[in-house]
Amino acid sequence: MRLAIAEINLKALANNLAQVKHFAPNCKVMAVLKANAYGHGLVKIAQHLSAADAFAVARIDEALALRAGGLTKPIVLLEGFFHQDDLPILLANNFQTIIHDENQLAALESATLDAPIACWLKINTGMHRLGIAPSQFESFYHRLKASDNARDDIKLMTHFSCADDVNDEKTTQQIALFDSLTDGKAQQHCLANSAGILAWPHGHGDWVRPGLMLYGVSPMLNGVGKEHGLAPVMRLTTRVIAIRDVDAHQCVGYGGRWCSDKPTKLAVVAMGYGDGYPRHARQGTPVIIKSQRYGIVGTVAMDMITVDIGDNGDNIQVGDEVIMWGPELPVEEIAQCASTIPYELLCNITPRVSYEYQE
Ligand SMILES: *Cc1c(COP(=O)(O)O)cnc(C)c1O
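Please read these numbers as outputs of a predicted model, since none were measured by experiment.

Engineer: Residue-level account of the environment of Val20, with values.
Structural biologist: Here Val20 is to be found in helix α1 (residues 10-23). With a relative accessible area of 0%, Val20 lands in the buried category. In sequence terms Val20 and Ala52 are 32 residues apart; their C-alpha atoms lie 10.0 Å from each other. Residue contacts for Val20: discarding those within four places in its chain leaves Val29, Ile197, Val208, Pro210, Met213 and Leu214.

Here you go:
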C-alpha cells in the first residue's frame, strides 16, 4: 500500500490551458513551469502542454531539464542569465533571456557569440524587484537594437505586483505606465500572470504568462479555481495508519498543543511536513475521509497528522484514503488555514510523495 500520493490529472491541465485561451483569446501563451511545474513534475507537465507557444522557467537548470526531457519549444528564462559564461548555453539550447539590468545588458553587449540571442526587455512598472527603471527604457531599447548579440525582435515585458486584488489601483497604473513607455514600438508585449489574465483584460498584451491557473488554482485573493472554470490538477492523498481512542483531557502530539475536552477517536494519518504538508496548518484544518470532512488536531509532525473523527469513528478503518487537498477540497482553503498561499503548498511537495499521472 502506498501512502502519500500526488495524483496529477492531465485532462484538468488541458482544461486549464483552454481556459487561459478563453480568457486571453488573442494572446500567445508562455506556460510557466518553474519550481518543478509548481510541484506537479516539470517534464511530464511540459509534455502535456503542447498547445502552449513557449515555456518559462526561473533558472537555467530548469530549462536544461526541459531540453533533456526532449522538449523543443522556445524557453524563456524569467530571471535571465546570471553570468556571461551562460550565454553560449542559452544559444546552444535556444533559450530566450530576460534583460532586467545594466549588468546583464553590458555582459550581453561585450560577449563574443556565434549568433544573436532572443531577448525580452523587462521594465519595472511598480513591482520593484527585477526590471529597468522607466527612465532607462529608451536607452536600453536602443542599445539592444544596436547589439549584434540581441535578436532584432526584442520583446517587452513587465510584471504585476497586486493583480490578485481587483480593488487595487496599482495594476491599472502599471498597465498605463507600460503602455505609455512602449507605445509606438511594434514589439510584442507581455504583462499578465494568472491574475492578470483573469482580472485585467486590458493588460493582456500579445503574450500571457500563466502559472498557477494552469494547475487549476485561483491566484485571486480569496478565490477558488472553479469560479474561473479551472480544475485542480493535483489531488494529494494518503491513508489512515492507526485509529485510537482518547479520553477527555488528553493532550495529543508534540507539545501537547491540543487536548480533548471529551472522549473521542483519532485517526492517525500518514502525512506531515516531510511530505510538504504545512506544519502551521491550524487546528481544524479540513481533510476528507469517506466523503466527509474532519479537522486535524495537534501539531503537524514530519510523518503524521492526527484527525479528530469523533462520533463517526466507527466508519473509519486503517487503510482508508485521506484527501489532503484536491478537487473535493481546494488547496486555496488549506493555504488559508496555514496562513500561506496555494503556490507555496504546491511547490513544497517533497520527493517522498509518489506521483501518479492520469491521462
Ligand atoms: C511566476 C511568474 C509568473 C506566473 O505567475 P502566476 O501567478 O503563477 O500565474 C509570471 N511571470 C513571472 C515573471 C513570474 O515570475
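Engineer: So what's going on with the domain arrangement of the protein? Residues and values would help.
Structural biologist: What the domain assignment reports for the protein is domain 1 (10-224) and domain 2 (234-358). The centre of domain 1, based on its C-alpha atoms, is set 37 Å off from the matching centre of domain 2. Counting residues at the interface gives 17 residues for domain 1, matched by 12 residues for domain 2. Carbon and sulfur atoms supply 65% of the area buried between domain 1 and domain 2, which totals about 1200 Å² over both sides. The tally of links from domain 1 across to domain 2 stands at 0 salt bridges. Our enumeration of links across domain 1 and domain 2 arrives at 5 residue pairs in polar contact (both at pLDDT 80 or more). Looking at the side of domain 1 that touches domain 2, the elements that each hand over two or more residues are α1 and α2 (34-39). Broken down by element, the side of domain 1 that touches domain 2 gets its largest block of residues, 4 residues, from α2. Among the residues making up the side of domain 1 that touches domain 2, the classes are represented as 7 nonpolar, 8 polar and 2 charged.

Engineer: Describe the UniProt feature "active site" (unreviewed entry) in the protein, listing the residues and the values that go with them.
Structural biologist: Those places that UniProt annotates as "active site" (unreviewed entry) correspond, in this numbering, to Lys34 and Tyr254. The greatest C-alpha distance among the residues just named is 34.6 Å, and with 221 residues of sequence between them they are spread in space as well. Looking at the element boundaries, Lys34 is found in helix α2. Looking at Lys34, the relative accessible area reads 29%, which means it is partly exposed. Setting aside chain neighbours within four positions, we find Lys34 in contact with Ala56, Val57, Ala58, Glu62 and Leu78.

Engineer: A description of the packing of aromatic side chains should follow, citing residues and the corresponding values.
Structural biologist: Tallied over the entire structure, the rule returns 6 aromatic pairs. Aromatic pair Tyr38 and Tyr343: ring centres 6.1 Å apart, planes at 40°, arrangement tilted. Here Tyr38 is found in helix α2, whereas its partner Tyr343 is found in helix α11 (residues 342-347), with 305 residues between them in sequence. According to the relative accessible area criterion, Tyr38 is buried, its value standing at 6%. For Tyr343, a relative accessible area of 28% puts it in the partly exposed group. Residues Tyr355 and Tyr357 carry aromatic rings whose centres are separated by 6.1 Å and whose planes lie at 20° to one another, so their mutual orientation is stacked. Each member of the aromatic cluster is reached from another via a ring pair, and the members are Tyr38, Tyr215 and Tyr343. Above the ring of Phe140, the side-chain terminus of Arg143 is found at 5.7 Å from the ring centroid. Looking at Lys155, its charged tip hangs above the ring of Trp120, at a distance of 5.3 Å from the centre.

Engineer: Could you give an account of the pairing of strand β13 (residues 264-269), with specific residues and numbers?
Structural biologist: Extensive coverage of β13 is indicated by the burial of 5 of its 6 residues. For strand β10 (residues 234-246) and β13, the ladder comprises 6 bridges, and the chain directions are antiparallel. By the bridge assignment for β13, Ala242 is matched with Val268. Where β13 meets strand β16 (residues 305-308), 4 bridges bridge the pair, whose relative direction is antiparallel. Bridged to Val268 within β16 is Thr306.

Engineer: Account for the pattern of salt bridges, naming residues and giving values.
Structural biologist: If you walk through the whole model with that rule in mind, you get 16 salt bridges. Taking the shortest distance from any N to any O, the salt bridge between Arg59 and Glu79 comes out at 3.0 Å. With Arg59 in the loop between β3 (54-57) and α4 (60-68) and Glu79 in the loop between β4 (75-77) and α5 (87-92), the pair connects residues that are 20 residues apart, well separated along the chain. By relative accessible area, which is 46% here, Arg59 ends up partly exposed. The residue Asp153 makes a salt bridge to Arg151 at a minimum N-O spacing of 3.1 Å. With a relative accessible area of 32%, Arg151 lands in the partly exposed category.

Criteria and thresholds
- Residues numbered from 1 in each chain as written.
- Predicted model: local features only at pLDDT ≥ 70, side-chain atom pairs only at ≥ 80, totals over all residues.
- Heavy atoms only, no water.
- Helix = DSSP H or I, 4+ residues; strand = E, 2+ residues; numbered from the N terminus.
- Buried < 20%, exposed > 50% of the residue type's maximum accessible area, 1.4 Å probe, protein only.
- Contact = heavy atoms within 4.5 Å.
- Domains from an automatic or database assignment.
- Buried area = accessible area lost by both parts, 1.4 Å probe.
- Salt bridge = Lys/Arg side-chain N within 4 Å of Asp/Glu carboxyl O.
- Polar contact = N/O pair within 3.5 Å; in protein donor to acceptor, adjacent residues only side chain to side chain.
- Nonpolar A, V, L, I, M, F, W, Y, C, P; charged D, E, K, R; others polar.
- UniProt positions renumbered as here; feature names shortened; annotations may be inferred.
- Phe/Tyr/Trp six-rings, centres within 6.5 Å; stacked < 30°, edge-to-face > 60°.
- Lys NZ or Arg CZ within 6 Å of the ring centre and 35° of its normal.
- Pairing = 2+ DSSP bridges.

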